[in-house]
Amino acid sequence: MAQEFKKICDMLEAAESVLLITHVNPDGDALGSTGALYHSAILAGKKASLMLHDVPSEQYVPLLETVTTHLPDEFAAAAESADVIVIADTGSNVQLGTLAEKLLPFREKTVVIDHHATFDDIAAVRWTDTSAAAAGVMILEIIEILEWPMNETIANLLARAILTDTGWLRFSNTDGRCLRTMARLVDAGVRLDSLYRSIYQTDRPQKLRLLERTLASLELYADNQFAVMTLLRTDFEQTGARFDETENLVNEAMRIKTVEVAAIFIENTHNIRASLRSRDFINVAEIAKNFGGGGHARSSGMKVTNMTVDELKKQVVEKILENFQN
């Protein structure tokens, strides 16, 4: 992918204005990566803006305080005025929601920077590197090659991107490249203690009550190798928790020694979401593909609108159990 990497760098260097896009329900890697590229582009003398799919959840509002953002009804004007459109941390039409179709007329000036195996033909240039622990790793490499500015804000955004996608460097995607990237970010001013507090120690009491409901729903299959948890709309209503406070709850079941695969099913207002995690031998991205989702072999997910939570749960559980029978 060296040619694609160089092409993206050349396009960014030549651009006067950049529009950044990431996936629906953005996580730490999505907003950390795009936020870092936004700030570096601005300091490099470019115009930049970030396209959001919706109003960001409360936990991410502080990351966007100084970022120029747009919502979908402003997409056409923002895309028309941009020299380059950068899609980061996804290459999938499904994860682009309503923007997928709107991007078609602008394909020739659109690029993808992503580390997921699931992708569609949505851009003129696509740099996909599944060996990268996070999109944040790739964004830093672009910033460094371009010799664009780096400051403490940018370093913290990239560190957030990497640390959240690697489970604070404990997931299997943590490699030497990732650790060397983190070392450069620490040298640039990242304080790991304060960053940890800002990510993992700012929960509301309502989230802990939701965690209690999550653990109470735990079901175990295949000799305790497969864990399933479920959250219904009533759980959110009764605890006062928000839908965006479900991030990382699926990982709670991975604390069980025997669990190889964990799944959580969440009944949202408009859809059903499922997150899947695996430890060693089951590719959950392949499972998610059957339901229009995708992601990594060890971390994947899906979002459906044409099933109830029980229907999706039944079908996904059956698919995963097939892997334990083979």
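A short tour of the structure in this document, coming up.

Points about the sheet that holds strand S6 (residues 125–128)
Part 1 of the reasoning: Spatial ordering of the open sheet is given by S3-S2-S1-S4-S5-S6, a layout of 6 strands whose pairing is parallel. The two strands at the open ends of the sheet, each matched to only one other strand, are strand S3 (69–70) and S6.
Part 2 of the reasoning: In the sheet, strand S1 (residues 17–21) pairs with strand S4 (residues 84–88) via 4 bridges, with the strands oriented parallel. By the bridge assignment, Ile-21 is partnered in S4 with Ile-87.
Part 3 of the reasoning: Lying over the sheet, helix H5 (residues 135–146) contacts strand S5 (110–114) and S6, oriented at roughly 120° with respect to S5.

Details of the nonpolar core
Grouped burial of nonpolar side chains is what soluble globular proteins tend to show.
Part 1 of the reasoning: Ile-8, Leu-12, Val-86, Ile-113, Ile-142, Leu-158 and Leu-185 are the most contacted members of the largest nonpolar core, which has 50 residues in total.
Part 2 of the reasoning: Within the second largest apolar cluster, 22 residues are counted, among which are Ala-274, Ile-282, Met-307 and Val-309.

Considerations on the sheet that holds strand S8 (residues 226–231)
Part 1 of the reasoning: Spatial ordering of the open sheet is given by S7-S8-S9-S10-S12-S11, a layout of 6 strands whose pairing is mixed. Edge strands, defined here as strands with exactly one partner in the open sheet, are strand S7 (219–221) and strand S11 (294–295).
Part 2 of the reasoning: One ladder, built from 6 bridges, connects strand S10 (residues 272–278) with strand S12 (residues 299–304); its direction is antiparallel. Note that in S12 the partner of Ala-274 across the bridge is Met-302.
Part 3 of the reasoning: Seen against the sheet, helix H12 (residues 309–325) touches S7, S8, strand S9 (261–267), S10 and S12 and runs at an angle of roughly 170° to S8.

Remarks on the packing of helix H6 (residues 152–165) against helix H7 (residues 176–187)
Part 1 of the reasoning: Two elements in contact, H6 and H7, have axes separated by 10 Å at closest approach and are oriented at 155°. Considered as vectors, H6 and H7 are oriented roughly antiparallel to each other. Taken as a pair, H6 and H7 cross one another with a handedness that is left-handed. Every residue of H7 that contacts H6 at Ala-155, Leu-158, Ala-159, Ile-162 and Leu-163 is listed here: Cys-178, Thr-181, Met-182 and Leu-185.
Part 2 of the reasoning: Counted by class, the contact of H6 with H7 contains 8 nonpolar, 1 polar and no charged residues.

Side note on the pairing of S1
Part 1 of the reasoning: For S1, the buried fraction is high: 5 of the 5 residues fall into the buried class.
Part 2 of the reasoning: In S1, alternate side chains face the same way, and those of Ser-17, Leu-19 and Ile-21 on one face and Val-18 and Leu-20 on the other are all buried.
Part 3 of the reasoning: Pairing between S1 and strand S2 (residues 47–51): 5 bridges, direction parallel. Across the sheet, residue Ser-17 finds its bridge partner in S2, namely Lys-47.

Analysis parameters
- Residues numbered from 1 in each chain as written.
- Predicted model: local features only at pLDDT ≥ 70, side-chain atom pairs only at ≥ 80, totals over all residues.
- Heavy atoms only, no water.
- Pairing = 2+ DSSP bridges.
- Helix = DSSP H or I, 4+ residues; strand = E, 2+ residues; numbered from the N terminus.
- Contact = heavy atoms within 4.5 Å.
- Axes fitted to C-alpha atoms, helices over the stretch in contact; angles between N-to-C directions.
- Core = buried A, V, L, I, M, F, W, Y, C linked by side-chain atoms within 4.5 Å.
- Buried < 20%, exposed > 50% of the residue type's maximum accessible area, 1.4 Å probe, protein only.
- Parallel < 35°, antiparallel > 145°, perpendicular 65-115°, else oblique.
- Left-handed = near helix turned anticlockwise from the far one by under 90°.
- Nonpolar A, V, L, I, M, F, W, Y, C, P; charged D, E, K, R; others polar.

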